[in-house]
Amino acid sequence: MTPKKKPKKFDEYHQADTIGDLPKDVSEKPKLNEIGETEIPDSLKDPVEYDELKHRLFEKNYFWQKIPEFKNVDEQEFLSTEFQNKNTATKVDHLDELVEGLVSDEFLQDVHEGMRQAPMNLRLSPYIISLIDWDNPIDDPLRVQFIPVASTRRPDHPKLSLDSLAEQDDSPTPGLVHRYFDKVLFLALDVCPVYCRFCTRSYAIGSDTDLVSKLSFKPVPRKWNEAFAYIASRPEVEDVVISGGDSYMLKAHRIRQIGETLLDIPHVRRIRFASKGPSVMPMQIIAGNGWTDALVDVVEHGQKMGKEVALHTHFNHSNEITYITKLAMDKLFSRGVRVRNQSVLIRGVNDTVDDMVNLVRQLAYINVQPYYVYQHDMVKGTEELRTSLAASLELERNVRGTTAGFNTPTFVMDAPGGGGKRDLHSYEYYDEVTGVSVYRSPAVDEEKIYLYYDPIDTLPKEGQLRWKIPREGEKIIKEALENSDYTDLSIA
Ligand SMILES: *Cc1c(COP(=O)(O)O)cnc(C)c1O
Ligand code: SF4
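In this report, the structure presented in the accompanying data block is examined. (Residues numbered from 1 in each chain as written. Chains lettered and ligands numbered in written order. Predicted model: local features only at pLDDT ≥ 70, side-chain atom pairs only at ≥ 80, totals over all residues. Heavy atoms only, no water.)

**A word on the environment of L165**
Thought 1: Position of L165 among the secondary structure elements: in the loop between helix 6 (141–146) and strand 3 (176–177).
Thought 2: Judged by relative accessible area, L165 falls into the buried class, the value being 3%.
Thought 3: Along the sequence, L165 and I321 sit 156 residues apart, while their C-alpha atoms lie 29 Å from each other.
Thought 4: Those residues in contact with L165, other than ones at most four positions away along the chain, are R179, T200, D377, D414, A415, G417 and G418. (Helix = DSSP H or I, 4+ residues; strand = E, 2+ residues; numbered from the N terminus. Buried < 20%, exposed > 50% of the residue type's maximum accessible area, 1.4 Å probe, protein only. Contact = heavy atoms within 4.5 Å.)

**Comments concerning the packing of helix 8 (residues 252–264) against helix 11 (residues 291–305)**
Thought 1: Two numbers describe how helix 8 lies on helix 11: the axes approach to 8 Å, and their chain directions differ by 15°. With respect to helix 11, the axis of helix 8 lies roughly parallel. Every pair of crossing elements has a handedness; the one defined by helix 8 and helix 11 is right-handed. For the pair formed by helix 8 and helix 11, the contact residues are A252, I255, R256, G259, E260 and L263 on the first element and W291, D293, A294, L295, D297, V298, H301, G302 and M305 on the second.
Thought 2: Across the contact of helix 8 with helix 11, the residue classes break down as eight nonpolar, three polar and four charged. (Axes fitted to C-alpha atoms, helices over the stretch in contact; angles between N-to-C directions. Parallel < 35°, antiparallel > 145°, perpendicular 65-115°, else oblique. Left-handed = near helix turned anticlockwise from the far one by under 90°. Nonpolar A, V, L, I, M, F, W, Y, C, P; charged D, E, K, R; others polar.)

**Things to note about the environment of T352**
Thought 1: You can see T352 is positioned in the loop between strand 8 (338–344) and helix 13 (353–365).
Thought 2: Distance in space between the C-alpha atoms of T352 and L124 is 25 Å, their sequence separation being 228 residues.

**A few points about the site of ligand 1**
Thought 1: What surrounds ligand 1 is the set V177, Y180, K183, L185, V241, R272, Y371, Y372 and K421.
Thought 2: Between Y372 and ligand 1, the recorded distance is 2.5 Å, taken from a side-chain N or O atom to an oxygen atom.
Thought 3: Starting from 390 Å² of accessible surface for ligand 1 in isolation, the protein chains cover 91%.
Thought 4: Of all the secondary-structure elements, those providing two or more residues to the shell around ligand 1 are strand 4 (183–187) and strand 9 (368–374).
Thought 5: In the shell around ligand 1, the residues fall into six nonpolar, no polar and three charged. (Near = heavy atom within 4 Å. Polar contact = N/O pair within 3.5 Å; in protein donor to acceptor, adjacent residues only side chain to side chain. Areas by Shrake-Rupley, 256 points an atom, 1.4 Å probe, with all protein chains shown as cover.)

**Here's the deal with the sheet that holds strand 14 (residues 445–453)**
Thought 1: Here we have four strands laid out as an open sheet, ordered 12-13-14-15, and mixed in their pairing. Strand pairing shows two members of the sheet lacking a second neighbour, strand 12 (429–431) and strand 15 (490–491), which therefore form its edges.
Thought 2: Strand direction decides the pairing type here: strand 12 and strand 13 (residues 436–441), joined by three bridges, are antiparallel. Pairing of Y430 across the sheet is with S437, part of strand 13. (Pairing = 2+ DSSP bridges.)

**Digging into the site of ligand 2**
Thought 1: In the neighbourhood of ligand 2, the contacting residues comprise M120, C192, Y195, C196, C199, G245, K276 and H314.
Thought 2: For the shell around ligand 2, a count of residues per class yields five nonpolar, two polar and one charged.

**A closer look at the pairing of strand 10 (residues 410–415)**
Regular strands place their side chains on alternate faces of the sheet.
Thought 1: When you tally the buried positions in strand 10, you get five out of six residues, the bulk of the element.
Thought 2: In terms of strand pairing, strand 9 meets strand 10 through three bridges, oriented parallel. In the strand pairing of strand 10, V373 is matched with F411.
Thought 3: Hairpin connection, strand 10 to strand 11 (residues 420–423): the antiparallel pair is bridged by four residues, and G417 has positive phi, about 95°.

**Examining the sheet that holds strand 9**
Thought 1: Read across the sheet, nine strands follow the order 3-4-5-6-7-8-9-10-11 without closing on themselves; strand pairing throughout is mixed. Edge positions in the open sheet fall to strand 3 and strand 11, since each of these has one partner strand only.
Thought 2: The sheet contact formed by strand 4 and strand 5 (residues 239–243) spans five bridges and is parallel. Paired with K183 across the two strands is D239, which belongs to strand 5.
Thought 3: Against the sheet, helix 7 (residues 221–233) contacts strand 3, strand 4 and strand 5, and its axis sits at roughly 175° relative to strand 4.
Thought 4: The strands touched by helix 11 are strand 6 (270–275) and strand 7 (308–313); relative to strand 7, the strand with the most contacts, the crossing angle is about 140°.

And the structure:
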(Lines give C-alpha, C1' and ligand atoms only; values in the text may rest on other atoms or scores of the structure.)
(Ligands and ions follow the chains in the order given, each with its own letter.)
Protein backbone atom coordinates (compact mmCIF):
# COMPACT_ATOMS: atom_id res chain seq x y z
CA MET A 1 0.00 0.00 0.00
CA THR A 2 1.45 3.37 -0.95
CA PRO A 3 0.35 6.19 1.32
CA LYS A 4 -0.73 9.25 -0.58
CA LYS A 5 -1.59 11.78 2.06
CA LYS A 6 0.90 13.33 4.43
CA PRO A 7 0.08 12.57 8.04
CA LYS A 8 -1.94 15.21 9.85
CA LYS A 9 -0.10 17.32 12.34
CA PHE A 10 -0.70 16.37 15.93
CA ASP A 11 -3.46 18.67 17.06
CA GLU A 12 -4.05 19.55 20.64
CA TYR A 13 -6.29 16.54 21.13
CA HIS A 14 -3.42 14.28 20.24
CA GLN A 15 -0.61 15.78 22.20
CA ALA A 16 -0.68 13.31 25.02
CA ASP A 17 0.19 9.65 24.54
CA THR A 18 -2.79 8.69 26.53
CA ILE A 19 -6.15 10.03 27.52
CA GLY A 20 -7.98 9.54 30.74
CA ASP A 21 -9.02 11.72 33.62
CA LEU A 22 -6.07 10.84 35.78
CA PRO A 23 -4.34 13.93 37.23
CA LYS A 24 -0.56 13.75 36.91
CA ASP A 25 -0.32 14.20 40.66
CA VAL A 26 -2.76 11.72 42.16
CA SER A 27 -2.37 13.25 45.61
CA GLU A 28 -3.82 16.55 44.34
CA LYS A 29 -6.66 17.86 46.53
CA PRO A 30 -10.07 17.73 44.88
CA LYS A 31 -11.87 21.00 44.25
CA LEU A 32 -15.60 20.78 44.67
CA ASN A 33 -17.41 24.08 44.68
CA GLU A 34 -20.46 22.83 46.54
CA ILE A 35 -18.56 21.73 49.62
CA GLY A 36 -16.48 24.89 49.78
CA GLU A 37 -13.86 24.89 52.47
CA THR A 38 -14.95 21.70 54.24
CA GLU A 39 -11.97 20.01 55.81
CA ILE A 40 -11.06 16.62 54.33
CA PRO A 41 -11.30 13.82 56.90
CA ASP A 42 -8.09 11.89 57.47
CA SER A 43 -7.93 8.90 55.19
CA LEU A 44 -7.64 5.39 56.58
CA LYS A 45 -6.19 4.23 53.28
CA ASP A 46 -2.68 4.51 51.93
CA PRO A 47 -2.33 7.13 49.23
CA VAL A 48 -3.12 5.57 45.86
CA GLU A 49 -0.23 4.95 43.48
CA TYR A 50 -0.38 6.22 39.92
CA ASP A 51 0.03 2.65 38.67
CA GLU A 52 -3.09 1.49 40.49
CA LEU A 53 -5.23 3.73 38.27
CA LYS A 54 -3.58 2.83 35.00
CA HIS A 55 -6.85 1.34 33.71
CA ARG A 56 -7.97 4.94 33.12
CA LEU A 57 -5.26 5.54 30.55
CA PHE A 58 -5.90 4.79 26.90
CA GLU A 59 -3.30 4.52 24.16
CA LYS A 60 -3.64 7.76 22.23
CA ASN A 61 -0.69 8.30 19.92
CA TYR A 62 -0.24 7.34 16.30
CA PHE A 63 0.65 3.85 17.49
CA TRP A 64 0.18 2.32 14.02
CA GLN A 65 2.89 4.46 12.47
CA LYS A 66 5.62 2.22 13.91
CA ILE A 67 4.64 -0.29 11.19
CA PRO A 68 6.72 0.83 8.18
CA GLU A 69 3.84 0.46 5.73
CA PHE A 70 1.53 2.52 7.93
CA LYS A 71 4.09 5.25 8.61
CA ASN A 72 2.22 7.85 6.59
CA VAL A 73 -1.28 6.75 7.48
CA ASP A 74 -3.17 9.50 9.26
CA GLU A 75 -5.87 9.05 11.85
CA GLN A 76 -8.77 9.50 9.48
CA GLU A 77 -7.48 6.74 7.23
CA PHE A 78 -6.58 4.38 10.07
CA LEU A 79 -10.03 4.82 11.56
CA SER A 80 -11.76 3.81 8.34
CA THR A 81 -13.07 0.26 8.00
CA GLU A 82 -11.97 0.26 4.34
CA PHE A 83 -8.36 0.68 5.42
CA GLN A 84 -8.71 -1.98 8.11
CA ASN A 85 -10.32 -4.50 5.78
CA LYS A 86 -8.00 -3.80 2.86
CA ASN A 87 -4.89 -4.23 5.00
CA THR A 88 -6.01 -7.25 6.99
CA ALA A 89 -3.28 -9.92 6.77
CA THR A 90 -4.61 -13.37 5.92
CA LYS A 91 -1.36 -14.85 4.64
CA VAL A 92 1.76 -15.26 6.64
CA ASP A 93 3.72 -13.73 3.74
CA HIS A 94 1.71 -10.55 4.12
CA LEU A 95 2.57 -10.46 7.82
CA ASP A 96 6.25 -10.94 6.89
CA GLU A 97 6.08 -7.85 4.69
CA LEU A 98 4.39 -5.73 7.33
CA VAL A 99 6.87 -6.49 10.10
CA GLU A 100 10.00 -6.72 7.97
CA GLY A 101 12.83 -4.91 9.69
CA LEU A 102 10.98 -4.96 13.02
CA VAL A 103 11.59 -8.61 13.94
CA SER A 104 14.33 -11.19 13.51
CA ASP A 105 14.38 -13.80 10.74
CA GLU A 106 14.29 -16.49 13.45
CA PHE A 107 10.99 -15.16 14.70
CA LEU A 108 9.48 -15.19 11.22
CA GLN A 109 10.65 -18.76 10.65
CA ASP A 110 9.13 -19.68 13.98
CA VAL A 111 5.79 -18.24 12.76
CA HIS A 112 5.95 -20.09 9.43
CA GLU A 113 6.64 -23.33 11.26
CA GLY A 114 3.88 -22.57 13.78
CA MET A 115 1.36 -22.00 10.98
CA ARG A 116 2.05 -25.45 9.57
CA GLN A 117 0.85 -27.05 12.81
CA ALA A 118 -2.05 -24.71 13.53
CA PRO A 119 -5.76 -25.61 13.61
CA MET A 120 -6.72 -22.01 12.80
CA ASN A 121 -5.78 -19.81 9.86
CA LEU A 122 -4.16 -16.42 10.17
CA ARG A 123 -6.27 -13.29 10.05
CA LEU A 124 -5.01 -10.05 11.58
CA SER A 125 -6.43 -6.54 11.41
CA PRO A 126 -3.98 -3.64 11.02
CA TYR A 127 -5.28 -2.41 14.40
CA ILE A 128 -4.07 -5.59 16.12
CA ILE A 129 -0.80 -5.72 14.15
CA SER A 130 -0.10 -2.15 15.27
CA LEU A 131 -0.71 -2.93 18.93
CA ILE A 132 1.74 -5.84 19.12
CA ASP A 133 5.10 -5.05 20.69
CA TRP A 134 7.37 -6.18 17.86
CA ASP A 135 10.45 -5.63 20.03
CA ASN A 136 9.33 -8.64 22.04
CA PRO A 137 6.68 -10.48 20.06
CA ILE A 138 7.11 -13.82 21.82
CA ASP A 139 5.77 -12.47 25.12
CA ASP A 140 3.22 -10.08 23.66
CA PRO A 141 -0.34 -10.91 24.79
CA LEU A 142 -1.80 -10.13 21.35
CA ARG A 143 0.81 -12.14 19.47
CA VAL A 144 0.05 -15.08 21.75
CA GLN A 145 -3.66 -14.90 20.86
CA PHE A 146 -3.42 -14.57 17.11
CA ILE A 147 -0.04 -15.72 15.76
CA PRO A 148 1.19 -19.27 16.39
CA VAL A 149 4.89 -20.00 16.78
CA ALA A 150 6.42 -23.47 16.77
CA SER A 151 8.93 -22.84 19.55
CA THR A 152 6.36 -22.54 22.35
CA ARG A 153 4.20 -25.40 21.14
CA ARG A 154 3.60 -28.28 23.56
CA PRO A 155 2.38 -31.76 22.75
CA ASP A 156 -1.40 -32.03 22.99
CA HIS A 157 -2.95 -33.62 26.05
CA PRO A 158 -4.28 -37.03 24.92
CA LYS A 159 -7.79 -35.84 25.79
CA LEU A 160 -7.84 -32.76 23.53
CA SER A 161 -10.21 -32.64 20.57
CA LEU A 162 -11.45 -30.14 17.97
CA ASP A 163 -15.07 -29.98 19.10
CA SER A 164 -14.47 -30.37 22.83
CA LEU A 165 -17.89 -28.96 23.67
CA ALA A 166 -19.63 -31.58 21.50
CA GLU A 167 -21.83 -28.86 20.00
CA GLN A 168 -22.65 -31.01 17.02
CA ASP A 169 -24.48 -33.46 19.32
CA ASP A 170 -26.99 -30.77 20.36
CA SER A 171 -27.59 -29.36 16.93
CA PRO A 172 -31.14 -29.86 15.50
CA THR A 173 -30.15 -28.12 12.25
CA PRO A 174 -26.73 -26.99 11.05
CA GLY A 175 -25.74 -23.75 12.75
CA LEU A 176 -28.07 -24.07 15.74
CA VAL A 177 -27.13 -25.48 19.15
CA HIS A 178 -29.95 -26.18 21.64
CA ARG A 179 -28.30 -27.45 24.79
CA TYR A 180 -29.96 -25.56 27.62
CA PHE A 181 -33.69 -25.45 28.31
CA ASP A 182 -34.51 -21.86 27.40
CA LYS A 183 -31.58 -20.60 25.34
CA VAL A 184 -30.08 -21.41 21.97
CA LEU A 185 -26.91 -20.59 20.14
CA PHE A 186 -27.37 -19.54 16.52
CA LEU A 187 -24.19 -19.79 14.43
CA ALA A 188 -25.06 -17.37 11.66
CA LEU A 189 -21.77 -17.46 9.80
CA ASP A 190 -18.33 -19.05 9.94
CA VAL A 191 -15.99 -16.10 9.46
CA CYS A 192 -14.53 -13.54 11.86
CA PRO A 193 -12.62 -10.25 11.56
CA VAL A 194 -9.60 -12.03 13.07
CA TYR A 195 -8.86 -15.66 13.83
CA CYS A 196 -7.97 -16.63 17.37
CA ARG A 197 -5.60 -19.52 17.83
CA PHE A 198 -7.66 -20.87 20.69
CA CYS A 199 -11.06 -20.83 19.01
CA THR A 200 -13.54 -23.24 20.57
CA ARG A 201 -15.06 -23.80 17.16
CA SER A 202 -11.82 -24.55 15.36
CA TYR A 203 -13.71 -27.51 13.86
CA ALA A 204 -15.67 -25.06 11.72
CA ILE A 205 -14.43 -21.47 11.82
CA GLY A 206 -12.29 -20.09 9.01
CA SER A 207 -10.89 -22.05 6.10
CA ASP A 208 -8.95 -25.32 6.17
CA THR A 209 -5.40 -25.40 7.51
CA ASP A 210 -2.61 -27.91 6.94
CA LEU A 211 -3.79 -29.62 10.11
CA VAL A 212 -7.59 -29.40 9.91
CA SER A 213 -10.17 -29.66 7.18
CA LYS A 214 -13.14 -27.80 8.57
CA LEU A 215 -16.62 -29.06 8.94
CA SER A 216 -18.49 -26.85 6.57
CA PHE A 217 -21.91 -25.86 7.85
CA LYS A 218 -22.07 -23.17 5.16
CA PRO A 219 -24.22 -20.76 7.08
CA VAL A 220 -25.89 -18.81 4.32
CA PRO A 221 -28.92 -16.55 4.81
CA ARG A 222 -31.34 -18.90 3.00
CA LYS A 223 -30.48 -21.67 5.48
CA TRP A 224 -31.12 -19.41 8.48
CA ASN A 225 -34.83 -19.96 8.00
CA GLU A 226 -34.51 -23.50 9.32
CA ALA A 227 -32.97 -22.19 12.52
CA PHE A 228 -35.68 -19.49 12.82
CA ALA A 229 -38.41 -22.09 12.18
CA TYR A 230 -36.97 -24.34 14.90
CA ILE A 231 -36.78 -21.46 17.40
CA ALA A 232 -40.35 -20.43 16.59
CA SER A 233 -41.48 -24.02 17.17
CA ARG A 234 -39.96 -24.25 20.67
CA PRO A 235 -41.98 -22.09 23.09
CA GLU A 236 -39.43 -22.56 25.88
CA VAL A 237 -36.69 -20.65 24.02
CA GLU A 238 -36.49 -17.11 25.42
CA ASP A 239 -32.84 -16.36 24.77
CA VAL A 240 -30.90 -16.41 21.50
CA VAL A 241 -27.16 -15.93 21.15
CA ILE A 242 -26.11 -14.96 17.62
CA SER A 243 -22.55 -16.03 17.13
CA GLY A 244 -20.50 -17.97 14.67
CA GLY A 245 -18.19 -16.75 13.47
CA ASP A 246 -18.77 -13.19 14.29
CA SER A 247 -21.71 -10.78 13.93
CA TYR A 248 -19.26 -8.07 12.88
CA MET A 249 -19.00 -9.74 9.50
CA LEU A 250 -22.73 -9.46 8.87
CA LYS A 251 -23.90 -6.65 6.64
CA ALA A 252 -26.17 -4.06 8.24
CA HIS A 253 -29.29 -5.42 6.52
CA ARG A 254 -28.49 -8.94 7.83
CA ILE A 255 -28.24 -7.61 11.41
CA ARG A 256 -31.69 -6.10 10.89
CA GLN A 257 -33.06 -9.26 9.26
CA ILE A 258 -31.89 -11.56 12.06
CA GLY A 259 -32.82 -9.09 14.81
CA GLU A 260 -36.31 -8.35 13.50
CA THR A 261 -37.10 -11.99 12.70
CA LEU A 262 -36.17 -13.07 16.21
CA LEU A 263 -37.93 -10.14 17.90
CA ASP A 264 -41.07 -11.14 16.00
CA ILE A 265 -41.10 -14.57 17.64
CA PRO A 266 -43.33 -13.91 20.68
CA HIS A 267 -41.50 -16.14 23.16
CA VAL A 268 -38.01 -14.76 22.34
CA ARG A 269 -37.26 -12.19 25.07
CA ARG A 270 -33.50 -11.70 24.89
CA ILE A 271 -31.10 -11.54 21.98
CA ARG A 272 -27.34 -11.24 22.13
CA PHE A 273 -25.15 -10.46 19.16
CA ALA A 274 -21.68 -11.90 19.83
CA SER A 275 -18.63 -10.22 18.33
CA LYS A 276 -14.92 -9.97 18.84
CA GLY A 277 -15.06 -6.88 16.60
CA PRO A 278 -14.90 -4.21 19.32
CA SER A 279 -11.59 -5.70 20.44
CA VAL A 280 -9.93 -6.08 17.05
CA MET A 281 -11.52 -3.39 14.87
CA PRO A 282 -13.35 -0.85 17.04
CA MET A 283 -13.45 1.60 14.14
CA GLN A 284 -16.41 -0.24 12.61
CA ILE A 285 -18.55 1.02 15.49
CA ILE A 286 -17.46 4.62 14.99
CA ALA A 287 -17.50 4.54 11.19
CA GLY A 288 -20.69 5.29 9.37
CA ASN A 289 -20.96 1.97 7.51
CA GLY A 290 -24.38 1.30 8.93
CA TRP A 291 -23.52 -1.63 11.21
CA THR A 292 -23.94 0.30 14.45
CA ASP A 293 -27.11 1.99 13.20
CA ALA A 294 -28.58 -1.41 12.38
CA LEU A 295 -27.68 -2.75 15.82
CA VAL A 296 -29.08 0.34 17.55
CA ASP A 297 -32.31 0.07 15.54
CA VAL A 298 -32.77 -3.54 16.67
CA VAL A 299 -31.97 -2.56 20.28
CA GLU A 300 -34.51 0.27 20.17
CA HIS A 301 -37.16 -1.89 18.54
CA GLY A 302 -36.56 -4.49 21.25
CA GLN A 303 -36.91 -1.84 23.95
CA LYS A 304 -40.31 -0.84 22.58
CA MET A 305 -41.37 -4.49 22.78
CA GLY A 306 -39.96 -4.94 26.28
CA LYS A 307 -37.16 -7.19 25.01
CA GLU A 308 -33.43 -6.87 25.58
CA VAL A 309 -30.96 -6.85 22.71
CA ALA A 310 -27.31 -6.72 23.82
CA LEU A 311 -23.83 -6.96 22.37
CA HIS A 312 -21.49 -9.58 23.83
CA THR A 313 -17.87 -9.01 23.08
CA HIS A 314 -14.53 -10.62 23.74
CA PHE A 315 -11.61 -8.60 25.13
CA ASN A 316 -8.78 -10.62 26.66
CA HIS A 317 -6.15 -8.02 27.49
CA SER A 318 -5.94 -4.29 28.17
CA ASN A 319 -3.53 -3.88 25.26
CA GLU A 320 -6.54 -4.37 22.97
CA ILE A 321 -8.17 -1.29 24.48
CA THR A 322 -7.21 2.15 23.12
CA TYR A 323 -8.82 5.58 22.85
CA ILE A 324 -10.51 4.24 19.70
CA THR A 325 -12.16 1.52 21.78
CA LYS A 326 -13.29 4.13 24.27
CA LEU A 327 -14.83 6.29 21.55
CA ALA A 328 -16.62 3.21 20.20
CA MET A 329 -17.93 2.06 23.58
CA ASP A 330 -18.99 5.62 24.51
CA LYS A 331 -20.99 5.71 21.31
CA LEU A 332 -22.75 2.42 22.07
CA PHE A 333 -23.43 3.46 25.66
CA SER A 334 -24.87 6.82 24.64
CA ARG A 335 -27.17 5.04 22.19
CA GLY A 336 -28.42 2.62 24.80
CA VAL A 337 -26.62 -0.57 23.79
CA ARG A 338 -25.75 -2.84 26.70
CA VAL A 339 -22.30 -4.42 26.15
CA ARG A 340 -20.97 -7.40 28.09
CA ASN A 341 -17.60 -9.13 27.82
CA GLN A 342 -16.59 -12.78 27.74
CA SER A 343 -12.86 -13.42 28.10
CA VAL A 344 -10.94 -16.62 27.64
CA LEU A 345 -8.35 -17.28 30.31
CA ILE A 346 -5.08 -17.76 28.42
CA ARG A 347 -1.67 -18.58 29.74
CA GLY A 348 0.71 -15.72 28.99
CA VAL A 349 -2.14 -13.34 28.14
CA ASN A 350 -4.35 -12.69 31.17
CA ASP A 351 -3.39 -15.28 33.80
CA THR A 352 -1.75 -12.86 36.23
CA VAL A 353 -3.71 -10.94 38.84
CA ASP A 354 -2.34 -7.65 37.57
CA ASP A 355 -3.39 -8.28 33.96
CA MET A 356 -6.84 -9.61 34.83
CA VAL A 357 -7.68 -6.91 37.38
CA ASN A 358 -6.52 -4.22 34.99
CA LEU A 359 -8.66 -5.70 32.21
CA VAL A 360 -11.74 -5.95 34.41
CA ARG A 361 -11.36 -2.38 35.69
CA GLN A 362 -10.69 -0.97 32.26
CA LEU A 363 -13.75 -2.70 30.80
CA ALA A 364 -15.91 -1.42 33.64
CA TYR A 365 -14.52 2.07 33.00
CA ILE A 366 -15.75 2.03 29.41
CA ASN A 367 -19.15 0.57 30.40
CA VAL A 368 -18.45 -2.95 29.20
CA GLN A 369 -19.66 -5.36 31.85
CA PRO A 370 -17.25 -8.25 32.50
CA TYR A 371 -19.60 -11.23 32.35
CA TYR A 372 -17.56 -14.43 32.04
CA VAL A 373 -13.97 -15.59 32.14
CA TYR A 374 -13.77 -19.00 30.50
CA GLN A 375 -11.38 -21.72 31.48
CA HIS A 376 -9.58 -22.50 28.22
CA ASP A 377 -11.35 -25.23 26.28
CA MET A 378 -9.55 -28.47 25.56
CA VAL A 379 -8.93 -27.66 21.91
CA LYS A 380 -6.17 -29.31 19.91
CA GLY A 381 -3.04 -27.29 19.24
CA THR A 382 -3.53 -25.00 22.23
CA GLU A 383 -1.91 -26.89 25.10
CA GLU A 384 0.52 -24.09 25.92
CA LEU A 385 -2.38 -21.62 26.21
CA ARG A 386 -4.33 -23.50 28.87
CA THR A 387 -3.96 -22.96 32.62
CA SER A 388 -4.46 -25.51 35.37
CA LEU A 389 -7.74 -25.38 37.26
CA ALA A 390 -5.78 -24.60 40.44
CA ALA A 391 -4.17 -21.55 38.82
CA SER A 392 -7.53 -20.33 37.50
CA LEU A 393 -9.21 -20.70 40.89
CA GLU A 394 -6.44 -18.76 42.59
CA LEU A 395 -6.79 -15.99 40.01
CA GLU A 396 -10.55 -15.81 40.65
CA ARG A 397 -9.99 -15.45 44.40
CA ASN A 398 -7.75 -12.49 43.72
CA VAL A 399 -10.06 -10.78 41.25
CA ARG A 400 -13.31 -11.01 43.23
CA GLY A 401 -13.46 -8.08 45.59
CA THR A 402 -11.37 -5.67 43.56
CA THR A 403 -14.35 -3.87 42.03
CA ALA A 404 -18.15 -3.78 41.96
CA GLY A 405 -19.76 -7.19 42.06
CA PHE A 406 -21.77 -6.58 38.91
CA ASN A 407 -18.51 -5.85 37.13
CA THR A 408 -16.84 -8.98 38.46
CA PRO A 409 -16.77 -11.80 35.90
CA THR A 410 -17.89 -15.28 36.84
CA PHE A 411 -15.12 -17.77 36.12
CA VAL A 412 -16.68 -20.69 34.26
CA MET A 413 -15.73 -23.85 32.50
CA ASP A 414 -17.66 -24.96 29.46
CA ALA A 415 -17.74 -28.59 30.53
CA PRO A 416 -15.98 -30.82 27.99
CA GLY A 417 -18.37 -33.22 26.30
CA GLY A 418 -21.32 -30.85 26.34
CA GLY A 419 -22.16 -30.13 29.98
CA GLY A 420 -22.48 -26.41 29.39
CA LYS A 421 -21.09 -23.70 31.63
CA ARG A 422 -20.17 -24.55 35.18
CA ASP A 423 -18.88 -22.26 37.93
CA LEU A 424 -15.16 -23.15 38.12
CA HIS A 425 -15.43 -23.54 41.88
CA SER A 426 -18.23 -26.10 41.65
CA TYR A 427 -16.12 -29.18 40.85
CA GLU A 428 -17.10 -32.41 42.61
CA TYR A 429 -13.54 -33.62 42.78
CA TYR A 430 -10.11 -32.35 41.76
CA ASP A 431 -6.77 -34.13 41.85
CA GLU A 432 -4.01 -31.56 41.47
CA VAL A 433 -1.40 -34.28 40.84
CA THR A 434 -3.09 -35.91 37.83
CA GLY A 435 -4.88 -32.65 36.92
CA VAL A 436 -8.29 -34.31 36.58
CA SER A 437 -11.37 -32.41 37.73
CA VAL A 438 -14.91 -33.78 37.80
CA TYR A 439 -18.03 -31.68 37.22
CA ARG A 440 -21.76 -32.40 37.17
CA SER A 441 -24.37 -30.46 35.25
CA PRO A 442 -27.77 -31.74 36.38
CA ALA A 443 -29.76 -29.16 34.40
CA VAL A 444 -28.20 -30.43 31.18
CA ASP A 445 -27.89 -34.15 31.96
CA GLU A 446 -28.37 -35.74 35.37
CA GLU A 447 -26.79 -39.01 34.28
CA LYS A 448 -23.40 -37.66 33.24
CA ILE A 449 -20.20 -36.33 34.66
CA TYR A 450 -17.75 -34.12 32.82
CA LEU A 451 -13.99 -34.22 33.13
CA TYR A 452 -11.42 -31.50 32.58
CA TYR A 453 -7.69 -32.19 32.38
CA ASP A 454 -5.01 -29.68 33.40
CA PRO A 455 -2.19 -29.18 30.90
CA ILE A 456 0.40 -31.86 31.61
CA ASP A 457 3.37 -29.48 31.84
CA THR A 458 1.69 -27.67 34.78
CA LEU A 459 1.39 -30.87 36.85
CA PRO A 460 3.85 -31.87 39.56
CA LYS A 461 6.56 -34.31 38.34
CA GLU A 462 4.65 -37.30 39.66
CA GLY A 463 1.57 -36.47 37.61
CA GLN A 464 3.61 -35.71 34.49
CA LEU A 465 5.31 -39.10 34.75
CA ARG A 466 2.02 -40.96 35.12
CA TRP A 467 0.59 -39.47 31.92
CA LYS A 468 3.70 -40.71 30.09
CA ILE A 469 2.94 -44.36 30.91
CA PRO A 470 0.91 -46.07 28.17
CA ARG A 471 -2.73 -46.76 29.19
CA GLU A 472 -2.19 -45.07 32.56
CA GLY A 473 -4.71 -42.44 31.47
CA GLU A 474 -7.59 -44.91 31.86
CA LYS A 475 -6.43 -45.75 35.39
CA ILE A 476 -6.17 -42.06 36.31
CA ILE A 477 -9.75 -41.51 35.12
CA LYS A 478 -11.05 -44.56 36.99
CA GLU A 479 -9.40 -43.31 40.18
CA ALA A 480 -10.96 -39.88 39.75
CA LEU A 481 -14.41 -41.47 39.32
CA GLU A 482 -14.02 -43.63 42.42
CA ASN A 483 -12.71 -40.76 44.52
CA SER A 484 -15.52 -38.48 43.40
CA ASP A 485 -18.13 -41.10 44.40
CA TYR A 486 -19.88 -40.81 41.04
CA THR A 487 -19.12 -44.26 39.63
CA ASP A 488 -22.85 -44.69 38.86
CA LEU A 489 -22.75 -41.81 36.34
CA SER A 490 -21.19 -42.05 32.91
CA ILE A 491 -18.48 -39.84 31.51
CA ALA A 492 -19.65 -37.48 28.77
C1 LIG B 1 -22.81 -20.22 26.18
C2 LIG B 1 -23.94 -20.79 25.54
C3 LIG B 1 -25.20 -20.19 25.68
C4 LIG B 1 -25.42 -18.95 26.55
O5 LIG B 1 -25.13 -19.23 27.89
P6 LIG B 1 -25.14 -18.12 29.05
O7 LIG B 1 -24.62 -18.82 30.24
O8 LIG B 1 -26.55 -17.70 29.23
O9 LIG B 1 -24.29 -16.99 28.60
C10 LIG B 1 -26.28 -20.81 25.06
N11 LIG B 1 -26.11 -21.95 24.35
C12 LIG B 1 -24.90 -22.54 24.21
C13 LIG B 1 -24.81 -23.83 23.45
C14 LIG B 1 -23.78 -21.98 24.79
O15 LIG B 1 -22.60 -22.57 24.65
S1 SF4 C 1 -13.57 -14.36 17.15
FE2 SF4 C 1 -14.55 -16.04 18.32
S3 SF4 C 1 -15.39 -17.44 16.78
FE4 SF4 C 1 -13.89 -16.09 15.74
S5 SF4 C 1 -11.93 -17.19 15.81
FE6 SF4 C 1 -11.98 -15.87 17.62
S7 SF4 C 1 -12.83 -17.17 19.26
FE8 SF4 C 1 -13.32 -18.18 17.27
